[in-house]
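# Chain and residue survey
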Amino acid sequence: MGKGGRHAYAAISLFAAGALVLTGCSEGGSKNEAGDKQGKKDAQRQQASIEFGDAKASTGPAAEVPGAKPGGTVTVLQRDSYAHLDPAQIYVSDEGSLSSLLHRGLTGYKATSDDGSKHEVVGDLATDSGTTTDGGKTWKFTLKDGVKWADGTDITSADVRHTFERQFAAFVSNGPTYIQQWLANTPGTAYRKLLPDGPFKGKHLPDTILQTPDAKTVVFKFKEPKPDLPYALAMAGYSIVSEKKDTKEKYDKAPMTAGPYKIQDFKSGKSMTLVKNTNWTAATDPIRHQYVNQFNFVFNKQYEDSTKALLDDAGVNATSVSFNNQVDAGNLSKVLRDPALKGRTASGYQPYVGQMNINLSQPEMQDKKVREAIAYALPITPFVRAYGGNDAMEVAGGLISPTVSGYNPSFDPFGKKKKPAGDPEKAKALLKEAGKEGLKLTFGYINSPEGQQYSTAMAAGLQKAGFNVQRQEIPAETYYDQVSKVKNNFDIFHTAWGADWPSASTVIPPLYDGRGIQDGASNYSHINDPKVNADIDRINKITDPVKAAAEWNKVNEYIVKDVVSNVPTAYYKQTQIAGSKIGGFVYDDVLGGVDPRRLFVK
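Residues numbered from 1 in each chain as written. Predicted model: local features only at pLDDT ≥ 70, side-chain atom pairs only at ≥ 80, totals over all residues. Heavy atoms only, no water.

### Remarks on the pairing of strand S7 (residues 217–221)
- Counting buried positions along S7 gives four out of five residues, so the element sits mostly inside the fold.
- Relative to S7, strand S5 (residues 138–142) runs antiparallel, the two sharing five bridges. Bridging from a neighbouring strand, Lys140 pairs with Val219 of S7.
- As paired strands, strand S6 (residues 210–211) and S7 are joined by two bridges and run antiparallel to one another. Each bridged residue has a counterpart across the sheet, and for Leu210 the counterpart in S7 is Phe220.
- Between S6 and S7, which follow one another and run antiparallel, lie five residues. (Buried < 20%, exposed > 50% of the residue type's maximum accessible area, 1.4 Å probe, protein only. Helix = DSSP H or I, 4+ residues; strand = E, 2+ residues; numbered from the N terminus. Pairing = 2+ DSSP bridges.)

### Considering the pattern of salt bridges
- Per the counting criterion, the structure on display carries 30 salt bridges.
- Lys216 serves as the salt-bridge partner of Asp145, at 2.2 Å between the closest nitrogen and oxygen. Within this pair, whereas Asp145 is found in the loop between S5 and helix H3 (157–166), its partner Lys216 is found in the loop between S6 and S7, the two being separated by 71 residues in sequence.
- Of the residues examined, Asp145 reaches a relative accessible area of 62% and is grouped as exposed.
- Connected via shared salt-bridge partners are Lys531, Asp535, Arg538, Glu551 and Lys554. (Salt bridge = Lys/Arg side-chain N within 4 Å of Asp/Glu carboxyl O.)

### Some details on the packing of helix H14 (residues 530–539) against helix H15 (residues 545–563)
- Interhelical geometry of H14 versus H15 gives an angle of 170 degrees and a closest axis separation of 10 Å. One finds that H14 runs roughly antiparallel with respect to H15. Counted together, Lys531, Val532, Asp535, Ile536, Arg538 and Ile539 of H14 and Ala548, Glu551, Trp552, Val555, Tyr558 and Ile559 of H15 form the full contact between these two elements. (Axes fitted to C-alpha atoms, helices over the stretch in contact; angles between N-to-C directions. Parallel < 35°, antiparallel > 145°, perpendicular 65-115°, else oblique. Contact = heavy atoms within 4.5 Å.)

### Let's talk about the packing of aromatic side chains
- Using the criterion set out here, one finds 30 aromatic pairs in the structure.
- Both rings, one in Tyr178 and one in Trp182, keep their centres 6.3 Å apart while their planes meet at 45 degrees; by these two values the pair is tilted. In this pair, Tyr178 and Trp182 are both assigned in helix H4 (residues 178–184), four residues apart and thus about one turn of the helix distant.
- Owing to a relative accessible area of 6%, Tyr178 belongs among the buried residues under this scheme. (Phe/Tyr/Trp six-rings, centres within 6.5 Å; stacked < 30°, edge-to-face > 60°.)

### Quick look at the nonpolar core
- With 125 residues, the main nonpolar core has Phe220 and Phe467 as its most contacted residues.
- For this core, the element with the highest residue contribution is H15, accounting for seven residues.
- Contact partners of Phe467, with chain neighbours within four places excluded, come to Val370, Ala373, Ile374, Leu431, Leu439, Leu441 and Leu462.
- If you look at the next biggest cluster of nonpolar residues, it comprises 25 residues, including Leu101, Phe266, Ala346 and Val601. (Core = buried A, V, L, I, M, F, W, Y, C linked by side-chain atoms within 4.5 Å.)

### Considering the packing of helix H8 (residues 368–377) against helix H10 (residues 424–433)
- Running from N to C, H8 and H10 point in directions that differ by 165 degrees, and their axes come no closer than 8 Å. Considered as vectors, H8 and H10 are oriented roughly antiparallel to each other. Crossing angle aside, the handedness with which H8 passes H10 is left-handed. Mapping the contact onto sequence places Lys369, Val370, Glu372, Ala373, Tyr376 and Ala377 in H8 and Lys426, Ala427, Leu430, Leu431 and Glu433 in H10.
- A breakdown of the residues in the contact of H8 with H10 according to their chemical character gives seven nonpolar, no polar and four charged. (Left-handed = near helix turned anticlockwise from the far one by under 90°. Nonpolar A, V, L, I, M, F, W, Y, C, P; charged D, E, K, R; others polar.)

### Quick look at helix H11 (residues 449–464)
- A rise of 1.5 Å per residue sets the reference length of H11, with its 16 residues, at 22 Å; its end C-alpha atoms lie 23 Å apart and thus fit the reference within 8%.
- The complete set of buried residues in H11 reads Glu450, Gly451, Gln453, Tyr454, Ser455, Met458, Ala459, Gly461 and Leu462.
- Downstream of H11 by one or two residues, Gly466 has phi in the positive range, about 110 degrees. (Expected span 1.5 Å × (residues − 1).)

### A few points about unusual backbone geometry
- Cis geometry is adopted by the peptide bond preceding Pro61, which originates at Gly60 and carries an omega value of 0 degrees.
- You can see Pro61 is positioned in the loop between helix H1 (33–46) and strand S2 (73–77).
- Located in the positive-phi region is Asn185, a residue other than glycine, with phi close to 55 degrees.
- Within the fold, Asn185 resides in the loop between H4 and S6.
- For Asn185, a relative accessible area of 39% gives the class partly exposed.

### Side note on the environment of Asn325
- Mapped onto the secondary structure, Asn325 falls in the loop between strand S11 (320–321) and helix H7 (329–337).
- Taking the C-alpha atoms as reference points, Asn325 and Lys276, 49 residues apart in sequence, are found 24 Å from one another.
- Dropping the residues within four chain positions of it, Asn325 is found in contact with Leu77, Gln78, Arg79, Lys301, Gln302, Tyr303, Ser306 and Gln576.
- Polar contacts involving the side chain of Asn325 include one to the main-chain amide nitrogen of Arg79, which spans 3.0 Å. (Polar contact = N/O pair within 3.5 Å; in protein donor to acceptor, adjacent residues only side chain to side chain.)

### Details of the confidence of the model for the chain
- Of all residues in the chain, 92% have pLDDT values of 70 or greater, and the mean over the chain is 91.
- The model gives residues 4–34 a pLDDT under 50, and that stretch makes 165 contacts with residues more than four places away or in other chains. (pLDDT = per-residue confidence, 0-100.)

### So, the pairing of strand S14 (residues 440–446)
- Of all the seven residues making up S14, six are buried; the element is thus mostly covered by neighbouring parts of the structure.
- By the bridge criterion, seven bridges tie S14 to strand S15 (residues 468–474) in an arrangement that is parallel. Across the sheet, the residue bridging to Tyr445 is Glu473, located in S15.
- Handedness of the crossover is the feature at issue here: the chain leaves S14, passes through H11, returns alongside S15, and the resulting connection is right-handed.
- Summarising the sheet, S14 and strand S16 (residues 492–498) pair through two bridges and their orientation is parallel. Along S16, the bridge assignment pairs Phe443 with Ile492. (Right-handed = clockwise from strand over helix to strand, strands pointing away.)

### Here we look at the side chain of Asn357
- Examined against the element boundaries, Asn357 turns out to sit in strand S12 (residues 345–358).
- Of the polar contacts made by the side chain of Asn357, one reaches the side chain of Asn566; its length is 3.0 Å.
- Among residues more than four places away in sequence, those in contact with Asn357 are Asp491, Ile492, Phe493, His494, Thr495, Tyr524, Ser525, Ser565 and Asn566.

Written as structure tokens, this is what we have:
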């Protein structure tokens, strides 16, 4: 997901982050050897497969959080408002975090430890994580008794069928596409031909693909084995949508919910209020809690603003938190090294990889020498510093995260780990060879203090190589919507992506399959390379995960070194802080941040 990730909130929507420039060496920040060792250990742990749970593991209620008690109001300080609330349109991390309180799917990730480091995939609305008797071609799910929508009506298999059929409709363009492609048995956007208008004109998927023989039973039938289906179904983007309350495009601002909370009020860009869903029952839910009476969201709180408020810890700040804002760069080192704040901080290694996308739809970007010049010239130092140095991220060589199997720490074709400030002289020579000295580059950046700071410094580095860089701001709330348009005016722009589960199969195909190019899709660079497309089809048929991981890494290295459509920037870490009266505050590996489902007021 966008800065989102394995929790299937991937296309993680990692917007540009960090605020103040820190002093430090060219590597981009302070040294913290103990933290580095722990981070690498955390990253390796996340490479492990997450097991599928049985019916017993899928039974609610969720295990009690130590010391938890019901009641109280939590204030949530967020930088960005929410562009999408329709599950089918959710594919970024901040919306994924919110979704964990509002929406439910057939399966979900259950934390099996109190520190957010261990999980299993269990049945959420379903009685278990799914059963298959033919290696993953056929999967059967049975809905639990007593699962209801927030209006009190039953959730039935008709809702499940509707959820997956509407994924084929043209207005659904921002969410994941794994299951649609699997059902249609085709890569890229061709899946839409299976049900062009979704279910909205009376047509449905045939029983040879999706069966709902009664109100409780759902059967998926694929032509090829899909052993990862329980992982995919756990993504926020595949949460269930109410058939009777579906308002198509309007559902994106006012969805029917099934989780422990519902939306009482939402003023886009300003505020949101969540209150308890009285038709949610803990007995049916092995994943979530409903300790807090009310969540009050306040938007437009930059990282520096939320950090300052939480460090203040007075009045309402003591019962405040942010689901996604990290500690700003100026305070990060102080927060991590203050023993008094240890109980109020949560840190972890995220599954996200930052990358500068070179828009191959732009005529001037067709020249490989131009792309190589960008890759050599692009300075990573200001980006890392903007986040807070080595405490916040690590310079990346490739497009596969240290949290994903197949990661190769030695791969660094443009020397970014040795020269994170860039190599303007080499870039200048390439630009001269191409006869493109003074070439105009339109650099789209997120309009936040962080985006302004890193884009200014990165633009300066590119200018040293002979580019004429024009920065163009993009509003934070709609950043991913704008850069994911096939026809946009940006030559380069930054995104970040996290694996939707611990496999590069959730990185390479969604980001670099040329057949998936469409508005809202995550092939941001518009790469459409025949070798990459063919390799994706070939590797998707490899059932041995170790062999597949090695092959995915070869594709990763080919894209970076030979195609040069995406320049890796950094691997992400995250540190967050909460008010002193917030309980249940832990970093969850799957969510890639604070787990809202565990929070309570002390």
